[in-house]
Amino acid sequence: MLLARARRERLAADWRSWLAHRFGVPPLTPAALVARAWNVQSARAARADSSARADSGVQADSGAHAGSGALCYWLATPVHLFASIDRVRLHPAGLLCLSLAEQRMLVEQFAAQFGDSPWHLHALAQRELLLAGPALSASGADPARFLGADPSAGLPRGAHAAALRRLGSELELWLHEHALNRERAHRGELPVTTLWLWGGGAGGAGGASGAGGAGGAAESSAASASFASPAPA
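All figures in this text were calculated on a predicted structure; none of them were measured in a lab.

### Re the overall build of the protein chain
Then comes step 1: Along its length, the protein chain carries seven helices and five strands.
Then comes step 2: The linear arrangement of helices and strands in the protein chain, starting from the amino end, is α-α-α-β-β-α-β-β-α-α-β-α.
Then comes step 3: Intrachain contacts of the protein chain at a sequence separation of at least 6 include 72% that bridge at least 24 residues.

Here it is as structure tokens:
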């Protein structure tokens, strides 16, 4: 009855900004909001800034928004990309939901594979995982905007986009023959071709949240609501 009398109005900003404002949450990227709500802490937070920049391929004079030990977060969405006749596309059902056991497998093996880098992966038991790393001004856009389409417009942008895109390429190579994907193929499920990095970065990096997409909805909504209730253990 109430909805029948409601008026439909376009939000002045994306829904995440509106939701953060509604709950009185400071303006944060979706990934930073999730990290704060889930009390995520990384063992790599204490790395020196110079080491983090060198490991991520960012030059010392590149203007990164990083102080000593500075840390940033990105949402890492498991996705399935496929090659069509003329381009790579995001599968219409390509936003993949991994079980907690699958996420923990990725986190454990990510730590072994990328242990000498400043990157650290966290399982959240939600659709998105969380990536922690040096404070780079770069981020991709919400992958939900590109279902069934060419997602290249949503690749990382910003001053340090090259470093984040390079990590994305390394993730694709790492996942190509991953045991997790062999198990998923055996069950008839789509393989994870990469982790799509978005919703984060330093200084409100370009494409951090996307415009009105639905990706990361559970995490962002739960994160905002968690400021009115205890965060999950």
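### A closer look at helix α6 (residues 179-186)
Then comes step 1: For α6, the set of buried residues is Leu 180, Asn 181 and Arg 184. Buried residues of α6 fall within an arc of 95° about the axis and therefore sit on the same side. Seen from the buried face of α6, the exposed residues on the opposite side, beyond 90 degrees, are Arg 182, Ala 185 and His 186.
Then comes step 2: Next to the buried residues of α6 lie α4 (100-113) and α5 (161-176).
Then comes step 3: Looking one or two residues past α6, Gly 188 carries a phi angle of roughly 75°, positive in sign.

### Examining the pairing of strand β5 (residues 194-198)
On a regular strand, one side chain projects to one face of the sheet and the next to the other, so that they alternate.
Then comes step 1: Most of β5 is tucked away, with five of its five residues classed as buried.
Then comes step 2: Of the two faces of β5, both are covered, the one formed by Thr 194, Trp 196 and Trp 198 as well as the one formed by Leu 195 and Leu 197.
Then comes step 3: Relative to β5, strand β1 (residues 72-83) runs antiparallel, the two sharing five bridges. Its bridge partner being in β5, Thr 77 is matched across the sheet by Trp 196.

### Focus on the layout of surface pockets
Then comes step 1: A volume near 290 Å³ is recorded for the largest pocket.
Then comes step 2: Going through the elements one at a time, α5 and β5 are the ones with two or more residues in the lining of the largest pocket.
Then comes step 3: If you tally residues by element for the lining of the largest pocket, the top one is α5, at five residues.
Then comes step 4: Taken together, the residues that form the lining of the largest pocket break down as nine nonpolar, four polar and three charged.

Rules and cut-offs
Residues numbered from 1 in each chain as written. Predicted model: local features only at pLDDT ≥ 70, side-chain atom pairs only at ≥ 80, totals over all residues. Heavy atoms only, no water. Helix = DSSP H or I, 4+ residues; strand = E, 2+ residues; numbered from the N terminus. Contact = heavy atoms within 4.5 Å. Buried < 20%, exposed > 50% of the residue type's maximum accessible area, 1.4 Å probe, protein only. Arc of directions from axis to C-beta. Pairing = 2+ DSSP bridges. 1 Å grid on protein atoms, 1.4 Å probe; cavity = no way out; pocket = protein on both sides within 12 Å on 5 of 7 lines; lining within 4 Å. Points joined across faces, edges and corners; volume = space filled by probe spheres on them. Nonpolar A, V, L, I, M, F, W, Y, C, P; charged D, E, K, R; others polar.

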